[in-house]
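Each chain is listed here by its residues.
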Amino acid sequence: MASSLTKDSVRPGTPGTGKTFFGHPRGLATLFMTEMWERFSYYGMRALLPLYLVAPGGLHLNAGTATAIYSVYVSLVYLLAMPGGWFGDRVWGPRKTVAVAGAVIMLGHLTLALPSSGTFYAGLGLVAIGSGLLKANISTMVGHLYDGPDDPRRDGGFTVFYMGINLGAFAAPLIIGTIGENVNWHFGFALAALGMALGLVQFLLGSRHLADRSSVVPKPLSAEEKSRTLRKAAIWAGIAVVAYAIIGFSGHYTLNWILVPLTLLGVIIPVMVLVNIKRDKELDRPEQSKMSAYIWFFVAAAVFWMIYDQGGSTLSIFADSSADNTVLGWEFPVSWYQSVNPVLIMALAPVFAWFWLALNKRGKEPSTIVKFASGLVLVGASFFLFLAPLSIADGGHKAAAMWLVAIYFVQTVGELLLSPVGLSVTTKMAPAKYASQMMGVWFLAVTAGDATTGLLSIAGVDLNKTGIVAMEATLAVVAGVAVWMYRKRVKELMGDVR
């Protein structure tokens, strides 16, 4: 990346030495590379996870249990983004929180690399905790590099940063997936640890280019708050230790004693957070109205992510057992399917940006609600498309790889319609009191969707059955049509937000 750093004039007070990164503050290079390596480690491990869980040389679990573990893991990553942001705001500050997060993630991947099922689950927990700590805080530090929300370079900076995410996500399955599947599962997990180690070293060396405010704790805990928080944490930890000790020593412990509580939390906590915000009497009438509209978007997004994130579990397990994973006679690792989405994102995102701009100039750009509804309908259509390879497999044949690529393509188009709009509408509709928390609330939609998938798997529902896939597809399409049909009512609730 050194070759892309050039001397340039920058605004007074911009962090760094005077060099820029593609015209942006030098600190963006540090955060770009840190996020790229973190996503490399995360998506590489995630591509291996469901395959390792079902493999005879791995944990050799059934598909339902593997899907439940995968779904719980992903839901935890997004659930922990809220306390991760809280740590950055109240305890360590963003910079220290990201440094600690990187170390925790690296330790988690190293723990996954140990050949033991007990340490494997501990490693998953560590990676989830570290990812939650890092997720909210590194994006905050990108914002710190600019002169407030009106800095004309700000949106472009986040676009460059987003490319780092997708570069890491694209390369990881190709490298880590190949090593894990073809050489040794644990070597793959160790390679993910190496990726995070490179990201951490790069962050520590380049942190001098970050904004000074990234080291500041915006709202530090008072001594009384700190004591109260530690006391509550100790009480809940003590209850959990005692409860699981009793279950373990009585001989009743099974994996579901961990999976069921975590999946229930993944559904209950998002509901509780939304209810608490909606019932806050300090919100004025327009803010209450916007929150009522936001609940529509939140529920619809949860349905979207419930289906979309099965691209890494249900579809991956199907590909492993029932797809012909070859191109022109050349066989490729199953984990490579996980590189399809990020490469499509990188290819299509500029096209969508240009398309919306062109429509906007003509006064024909679709509204937020129409884009959102279209994203839901498309993710439903992707699972209707999934019915074709399922039918081929039921007939005793291997489904062609291009069926799965087509499914990922439709889902990616749906993501580009729904995800950026969801992020935008979250910031626009956030009550002033909850402005800094609402991005975490948006991530809770992912938590709720993945937790629902986990609950279905734990209940014994086979998500690779034609009837279940058709039901999920129908649910998404109906949800999309419902959002579109009630668009006028939702627009009224949104007030001045468009």
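Quick caveat: nothing in here was measured; it's all calculated off a predicted structure.

Student: Lay out the overall build of the protein with the relevant residues and their values.
Tutor: Secondary structure summary: the protein contains 17 helices and seven strands in total. Computed over C-alpha atoms, the radius of gyration of the protein comes to 23 Å, within 12% of the 23 Å expected from 2.2 N^0.38 for 498 residues, which places it in the range of a compact globule. In terms of overall dimensions, the protein has a C-alpha envelope of 65 × 55 × 55 Å along the principal axes. When burial is assessed residue by residue, the protein has 50% of its 498 residues classed as buried. Partitioning the intrachain contacts of the protein with sequence separation of at least 6 by distance along the chain shows that 79% fall at a separation of at least 24. Here the protein has roughly 22100 Å² of accessible surface; of this, 66% comes from carbon and sulfur atoms. Side-chain charges in the protein split into 37 positive and 28 negative, and the spacing between the mean points of these groups amounts to 7 Å.

Student: So what about the nonpolar core? Which residues, and what values?
Tutor: Ranked by internal contacts, the top residues of the largest apolar core, which has 104 residues, are Tyr 73, Phe 120, Phe 189, Tyr 294, Trp 305, Tyr 337 and Leu 404. Sort the elements by how many residues they give to this core and helix H10 (residues 285-308) lands first, with 13 residues. Setting aside anything within four residues of it in sequence, one finds Tyr 73 in contact with Tyr 42, Met 45, Leu 49, Leu 124, Val 127 and Ala 128. Judged by nonpolar contacts, the second largest core, of 24 residues, contains Val 98, Ala 101, Leu 134 and Ile 165.

Student: I'd like a description of the environment of Val 425, backed by residues and values.
Tutor: Here Val 425 is to be found in helix H14 (residues 401-429). The spacing of Val 425 and Gly 57 is 368 residues in sequence and 45 Å in space, taken between C-alpha atoms.

Student: Describe the confidence of the model for the protein, with residues and values.
Tutor: Per-residue pLDDT for the protein has a mean of 88; in total, 93% of the residues score no lower than 70. Within the model, the stretch residues 1-14 combines pLDDT values under 50 with 26 contacts to residues more than four positions away or in other chains.

Student: Outline the packing of aromatic side chains, listing residues and values.
Tutor: Taken as a whole and assessed by the stated rule, the structure comprises 26 aromatic pairs. With centroids separated by 4.9 Å and ring planes inclined at 35 degrees, the aromatic side chains of Tyr 52 and Phe 120 adopt a geometry described as tilted. Of this pair, Tyr 52 sits in helix H1 (residues 27-54) while Phe 120 sits in helix H5 (residues 117-144), placing them 68 residues apart in sequence. The pair Tyr 52 / Phe 120 is uniform in exposure class, with both members buried. Pairing Phe 304 with Tyr 308 gives two aromatic rings, centres 5.5 Å apart and planes at 20 degrees, and the pair type is stacked.

Student: Could you give an account of the packing of helix H2 (residues 63-79) against helix H15 (residues 438-458), with specific residues and numbers?
Tutor: Orientation of H2 relative to H15, taken along the N-to-C sense of each, is 160 degrees, at an axis distance of 8 Å. Classed by the angle they form, the pair H2 and H15 counts as roughly antiparallel. Note that H2 runs across H15; the crossing there is left-handed. In contact with Gly 64, Thr 67, Ala 68, Ser 71, Val 74, Ser 75, Tyr 78 and Leu 79 of H2, H15 contributes Phe 443, Leu 444, Val 446, Thr 447, Asp 450, Ala 451, Thr 453, Gly 454, Ser 457 and Ile 458. In the contact of H2 with H15, the residues fall into nine nonpolar, eight polar and one charged.

Student: Before we move on, can you summarise the packing of helix H4 (residues 94-112) against helix H7 (residues 185-206) with the specific residues and values?
Tutor: When two helices pack together, their arrangement is given by the angle between the helix axes and the distance between those axes. Orientation of H4 relative to H7, taken along the N-to-C sense of each, is 160 degrees, at an axis distance of 7 Å. Classified by the angle between their axes, H4 and H7 sit roughly antiparallel to one another. Crossing angle aside, the handedness with which H4 passes H7 is left-handed. The segment H4 lies against H7, with Arg 95, Val 98, Ala 99, Gly 102, Ala 103, Ile 105, Met 106, His 109, Leu 110 and Leu 112 engaging His 186, Phe 189, Ala 192, Ala 193, Met 196, Ala 197, Leu 200, Phe 203 and Leu 204. In terms of residue class, the contact of H4 with H7 is made up of 15 nonpolar, three polar and one charged.

Student: Quick rundown of unusual backbone geometry? Include the residues and the values.
Tutor: Positive phi outside glycine occurs at His 60, with the angle close to 55 degrees. With a phi close to 55 degrees, Leu 328 is a non-glycine residue in the positive phi region. Mapping Leu 328 onto the fold places it in the loop between strand E5 (326-327) and strand E6 (330-331).

Student: Please set out H1 residue by residue, giving values where relevant.
Tutor: Spanning 28 residues, H1 covers 42 Å between terminal C-alpha atoms, matching the ideal 40 Å at 1.5 Å per step. Maximal helix bending in H1 amounts to about 30 degrees, located at Leu 48; proline Pro 50 follows within four positions. Of all 28 residues in H1, 27 are buried; the element is thus mostly enclosed.

Rules used throughout
- Residue positions are given per chain, counted from 1 along the sequence in the order it is written.
- Only residues with pLDDT of at least 70 are given local features in this predicted model, and only at 80 or more are side-chain atom pairs given and counted; all residues enter the totals for whole chains, interfaces and linings.
- Here the side-chain values reflect all heavy atoms present in the structure, with hydrogen atoms and water set aside.
- Numbering goes from the N terminus for both helices and strands, where a helix is a DSSP run of H or I of at least four residues and a strand is a run of E of at least two.
- Between the two quantities, the radius of gyration covers C-alpha atoms and the globule rule is 2.2 Å times the number of residues to the power 0.38.
- In this scheme, a residue with accessible area under 20% of its type's maximum is buried, one over 50% is exposed, and one in between is partly exposed, where area comes from a 1.4 Å probe on protein chains only.
- Contacts were defined at the residue level, with two residues in contact if any of their heavy atoms lie within 4.5 Å.
- With residues, only the protein chains shown are counted as cover, and all accessible areas are computed by Shrake-Rupley using a 1.4 Å probe.
- Under this rule, positive means Lys or Arg and negative means Asp or Glu; His and the chain ends count for nothing.
- For the purpose of locating charges, the reference atoms are NZ of Lys, CZ of Arg, CG of Asp and CD of Glu.
- Residues enter a nonpolar core if they are buried and are Ala, Val, Leu, Ile, Met, Phe, Trp, Tyr or Cys, with the set joined through side-chain atoms within 4.5 Å.
- What pLDDT conveys is the predictor's confidence in a given residue, as a value from 0 to 100.
- What counts as a ring pair is set by centres within 6.5 Å for rings of Phe, Tyr and Trp (its six-membered ring), and what kind of pair is set by the plane angle: stacked under 30 degrees, edge-to-face over 60, tilted for all other angles.
- An axis is simply a line fitted to the C-alpha atoms; with a helix, the fit covers only the stretch in contact. Between two such axes, the angle follows the N-to-C directions and lies from 0 to 180 degrees.
- Any angle that falls under 35 degrees is termed roughly parallel, while one over 145 is termed roughly antiparallel, one within 65 to 115 roughly perpendicular, and all others oblique.
- The sense of a crossing depends on the near helix, which, turned anticlockwise from the far helix by less than a right angle, makes the crossing left-handed and, turned clockwise, makes it right-handed.
- Three classes are used: nonpolar for Ala, Val, Leu, Ile, Met, Phe, Trp, Tyr, Cys and Pro, charged for Asp, Glu, Lys and Arg, and polar for all others, with Gly counted as polar.
- Helix span is expected to be 1.5 Å times the residue number reduced by one.
- In this scheme, the bend at a residue equals the angle between the axes fitted to the seven residues that finish there and the seven that begin there.

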